[in-house]
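Structural characterization, general
The chain contents come next:
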Amino acid sequence: ETMTPSGHFTDQFLGSKVTRVYLAGGIGITPLLSMIQTNLDQGLKTPLYLVYGARTEKDLAFRERIEQLCAKFAQ
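To keep things clear, this report deals only with the structure shown in the data block. Note that the structure is a prediction, hence the values are computed from the model and not measured.

1. Let's talk about the overall build of the protein chain
Along the protein chain, the regular secondary structure elements total 2 helices and 2 strands. Along the protein chain, helices and strands appear, N-terminal first, in the series β-α-β-α. Relative to the globule expectation of 11 Å for 75 residues, the C-alpha radius of gyration of the protein chain, 12 Å, shows essentially globular dimensions. For the protein chain, the C-alpha atoms occupy an extent of roughly 35 × 30 × 15 Å along the three principal directions. Across the 75 residues that make up the protein chain, the buried fraction comes to 24%. In the structure as shown, the protein chain presents an accessible area of about 5,800 Å², 56% of it carried by carbon and sulfur atoms. Positive and negative side-chain charges of the protein chain, numbering 8 and 7 respectively, have mean locations separated by a distance of 4 Å.

2. With respect to the layout of surface pockets
Over the atoms a probe the size of a water molecule is rolled, and this reveals where empty space is left. If you add up the space inside the second largest pocket, you get close to 530 Å³. Every element with two or more residues in the lining of the second largest pocket is listed here: α1 (29-41), β2 (48-53) and α2 (63-73). Broken down by element, the residue count for the lining of the second largest pocket peaks at 4 residues, all from α2. Across the lining of the second largest pocket, the residue classes break down as 14 nonpolar, 3 polar and 1 charged.

3. Looking at the environment of Gln 12
Inspection of the secondary structure puts Gln 12 in the segment before β1 (20-25). On the basis of relative accessibility, which here comes to 37%, the residue Gln 12 falls in the partly exposed class. When the C-alpha positions of Gln 12 and Asn 39 are compared, they lie 8.5 Å apart, and in sequence the two are 27 residues distant. Apart from residues lying up to four places away in sequence, Gln 12 is in contact with Thr 38, Asn 39 and Gln 42.

The rules behind these values
- Residues numbered from 1 in each chain as written.
- Predicted model: local features only at pLDDT ≥ 70, side-chain atom pairs only at ≥ 80, totals over all residues.
- Heavy atoms only, no water.
- Helix = DSSP H or I, 4+ residues; strand = E, 2+ residues; numbered from the N terminus.
- Rg over C-alpha atoms; globule rule 2.2 N^0.38 Å.
- Buried < 20%, exposed > 50% of the residue type's maximum accessible area, 1.4 Å probe, protein only.
- Areas by Shrake-Rupley, 256 points an atom, 1.4 Å probe, with all protein chains shown as cover.
- Lys, Arg positive; Asp, Glu negative; His and termini not counted.
- Charge placed at Lys NZ, Arg CZ, Asp CG, Glu CD.
- 1 Å grid on protein atoms, 1.4 Å probe; cavity = no way out; pocket = protein on both sides within 12 Å on 5 of 7 lines; lining within 4 Å.
- Points joined across faces, edges and corners; volume = space filled by probe spheres on them.
- Nonpolar A, V, L, I, M, F, W, Y, C, P; charged D, E, K, R; others polar.
- Contact = heavy atoms within 4.5 Å.

This is the structure:
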């Protein structure tokens, strides 16, 4: 199930048993990173996937934070 952009940045209505796939480009990572962090903080056990693109590696916003989360929560 996918949703079109709507300006509502939450995925809590999905429940705790739904695998999440986040797609982001450039600075559009900001609200998704917040959702990912919330799910991890709440102990969500289902897989989370992030597909994130930018023009260059230098343009990857929050790269260090994303790498820290991957290292901490990767299974």
